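# Chains, contacts and geometry: an overview
Read off the chains here:
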Amino acid sequence: MKAKEILKNMKPYQPGKGIEEVKKEYGLDRIVKLASNENPFGFSEQVKKELPALISQLEIYPDGYAAMVRKKVASFIQADENQLIFGNGSDEVVQIICRTFLEPGANTVMATPTFPQYKHNALIEGAEIREVPLMDGHHDLEGMLDQIDEQTRVLWLCTPNNPTGVHINDKALADVLGKVPDHVLVVIDEAYYEYMDAADAFDSIAALKEYQNLIVLRTFSKAYGLAGLRIGYGVAHPDVIRVLEPAREPFNTSTVAQAAAIIALDDQPFIDHSVEQNKKNKERLFQFCDEHGISYFDSQANFVLIHLPMSGDEMFQHLLTKGFIVRSGEALGLPNTIRLTIGRTEDMERIQEEMKQKISEGAQ
Ligand SMILES: Cc1ncc(COP(=O)(O)O)c(C=O)c1O
């Protein structure tokens, strides 16, 4: 057997520690997972109520065209139905983009650190990866533009960026779109779109009218709380969708995921509540950090990257023993940091107390 050479040196995606695993390891009853930027308030009660009815026809393949959810999303974001492609999570849309545009001899430009699946999928396609370090948590857009040449196929912009939570403002995004050559597809990954409230947030859907080399990614996994069902989508010019579609598996989003997404979109009060609570608890975390001299990135998402007076792994381990799963920044090349998903008020109060304890122990 001979696998692609590149795969020999690649590792599978390392998910955050699982709840059951941590419970068993530390003899704890309750675990709070703040590691994967899921919605701590769950998902729409409406979806929960209608779920039993959604599983009635599992012997039938899903609608490969995802017609109903397509119609719903198109009207919700005010785009045309032929501007959409659905994926088994936006992860899969990232994979489809790489399958479509990348190959040996081509290159792709992205920030570092950013969402790791861009690089992972691009490597599998044999493309050259051009990573441009963030500058104080922000994309170095000029640096990224400098990396573009005739062989560049895809430019990845993650806003707000995972893991820093920092967004790219409207002026900067308009400027970069104006400068990127037409032969490069620009991906604006807005997985945390619903949480953004900056006055200078970019209207990426409106920009699609102007730019044909743009695709915007959104997901039902974060604010909508449907990470377990796996459904996300891309919005682009119909010509871009047309070239992507053959690289998509025919029945890639499940019947249940498609139906749940429709119901979830109708329950905007749930989104409003989640976003409001996230904002409140994020501001409290910022306040806590300010009070304890901890620096952090000004996040527009539902997670915050904070700087500690100790290694991220040490804080991660301490919090784990107390029943909190977070992400250490060490593996991301961000020493002395952790990335913390914003949780429920009571859990945030507890985790802040635990962090305070650990930091004061370290100072003694
Ligand atoms: C920036 C970003 N994009 C895409 C994804 C993938 O999300 P999903 O595949 O669940 O839609 C994530 C998940 O963590 C993310 O942080």
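Residues numbered from 1 in each chain as written. Predicted model: local features only at pLDDT ≥ 70, side-chain atom pairs only at ≥ 80, totals over all residues. Heavy atoms only, no water.

### Observations regarding the overall build of the protein chain
Each helix and strand counted, the protein chain has 13 helices and 12 strands in total. Radius of gyration (C-alpha) of the protein chain: 21 Å, near the 21 Å computed for a compact globule of 364 residues. Projecting the C-alpha coordinates of the protein chain onto the three principal axes gives extents of approximately 60 × 55 × 50 Å. Within the span of the protein chain, comprising 364 residues, buried residues form 54% of the whole. Once local pairs closer than 6 in sequence are excluded, the contacts in the protein chain between residues at least 24 apart make up 73%. (Helix = DSSP H or I, 4+ residues; strand = E, 2+ residues; numbered from the N terminus. Rg over C-alpha atoms; globule rule 2.2 N^0.38 Å. Buried < 20%, exposed > 50% of the residue type's maximum accessible area, 1.4 Å probe, protein only. Contact = heavy atoms within 4.5 Å.)

### Quick notes on the domain arrangement of the protein chain
For the protein chain, the assigned domains are domain 1 (5–43 + 269–363) and domain 2 (56–267). Taken together, the contact pairs 29 residues of domain 1 with 28 residues of domain 2. Between domain 1 and domain 2, a total of about 2,400 Å² is buried, with carbon and sulfur atoms accounting for 64% of that surface. In terms of surface lost to domain 2, no three residues of domain 1 exceed I271, F297 and Q300, which account for 27% of the buried area on that side. Scanning the region where domain 1 abuts domain 2 turns up 1 salt bridge. For the pair domain 1 and domain 2, the number of links is 9 residue pairs in polar contact (both at pLDDT 80 or more). At the level of secondary structure, the elements contributing two or more residues to the side of domain 1 that touches domain 2 comprise α11 (268–291) and β9 (303–307). Looking at the side of domain 1 that touches domain 2 element by element, the count peaks at 7 residues for α11. A class-by-class count of the residues in the side of domain 1 that touches domain 2 yields 15 nonpolar, 9 polar and 5 charged. (Domains from an automatic or database assignment. Buried area = accessible area lost by both parts, 1.4 Å probe. Salt bridge = Lys/Arg side-chain N within 4 Å of Asp/Glu carboxyl O. Polar contact = N/O pair within 3.5 Å; in protein donor to acceptor, adjacent residues only side chain to side chain. Nonpolar A, V, L, I, M, F, W, Y, C, P; charged D, E, K, R; others polar.)

### As for the sheet that holds strand β3 (residues 107–112)
Read across the sheet, 7 strands follow the order β2-β8-β7-β6-β5-β3-β4 without closing on themselves; strand pairing throughout is mixed. Each edge of the open sheet carries a strand with a single partner, namely β2 (84–87) and β4 (128–133). For this sheet the average axis-to-axis angle between neighbouring strands, irrespective of direction, equals 20°. Where helix α5 (residues 117–124) meets the sheet, it contacts β3, β4, β5 (152–158) and β6 (185–189), and its direction lies at approximately 160° from that of β4. (Pairing = 2+ DSSP bridges. Axes fitted to C-alpha atoms, helices over the stretch in contact; angles between N-to-C directions.)

### A short note on the site of the ligand
Close to the ligand lie 13 residues; S90, D189, Y192, T219 and S221 are nearest. Side-chain polar atom of D189 to a nitrogen atom of the ligand: 2.6 Å apart, as the coordinates give it. Note that an oxygen atom of the ligand is positioned 2.7 Å from one of the side-chain N or O atoms of Y192. Isolated, the ligand exposes 400 Å² of accessible area, and the fraction of that covered by the protein chains is 92%. The residue makeup of the shell around the ligand, split by class, is 4 nonpolar, 5 polar and 4 charged. (Near = heavy atom within 4 Å. Areas by Shrake-Rupley, 256 points an atom, 1.4 Å probe, with all protein chains shown as cover.)

### Details of the pairing of β5
The buried count for β5 comes to 6 of 7 residues, which makes it a mostly enclosed element. With helix α7 (residues 170–179) bridging β5 and its parallel neighbour β6, the resulting β-α-β unit is right-handed. (Right-handed = clockwise from strand over helix to strand, strands pointing away.)

### A look at the nonpolar core
Formed by 58 residues in total, the largest nonpolar core has its most connected members in V73, L155, L157, L214 and F220. Top element by residues in this core is helix α10 (residues 255–266). It accounts for 8 residues. Ignoring sequence-local partners within four residues, the contact set of F220 consists of V73, G225, L226, A227, I231, G232, Y233, A261 and L265. (Core = buried A, V, L, I, M, F, W, Y, C linked by side-chain atoms within 4.5 Å.)

### Notes on the sheet that holds strand β12 (residues 337–341)
Pairing in this open sheet of 3 strands is antiparallel, and the strands run β9-β12-β11 from one edge to the other. Where the open sheet ends on each side, the last strands, each with one partner, are β9 and β11 (327–328). Two elements, β11 and β12, share 2 bridges in a ladder whose sense is antiparallel. Opposite R327, over in β12, you have R339 as the bridge partner. Contacting β11 and β12, helix α12 (residues 312–321) runs over the sheet at an angle of about 40° to β12.

### Side note on α11
Helix length check: α11, at 24 residues, gives a terminal C-alpha distance of 35 Å against a target of 34 Å (1.5 Å per residue), a fit within 8%. Within the span of α11, buried status applies to F270, I271, S274, Q277, N278, N281, K282, L285, F286, F288 and C289. (Expected span 1.5 Å × (residues − 1).)

### Here we look at the packing of aromatic side chains
Within the structure shown, the criterion is met by 8 aromatic pairs. Among the aromatic residues, those joined into a cluster by ring pairs are F86, F220, Y224 and Y233. Cation over ring: R70 sits above Y65, and NZ or CZ is 3.9 Å from the ring centre. The ring of F303 has R339 sitting right over it, with the charged end atom 5.7 Å from the ring centre. (Phe/Tyr/Trp six-rings, centres within 6.5 Å; stacked < 30°, edge-to-face > 60°. Lys NZ or Arg CZ within 6 Å of the ring centre and 35° of its normal.)

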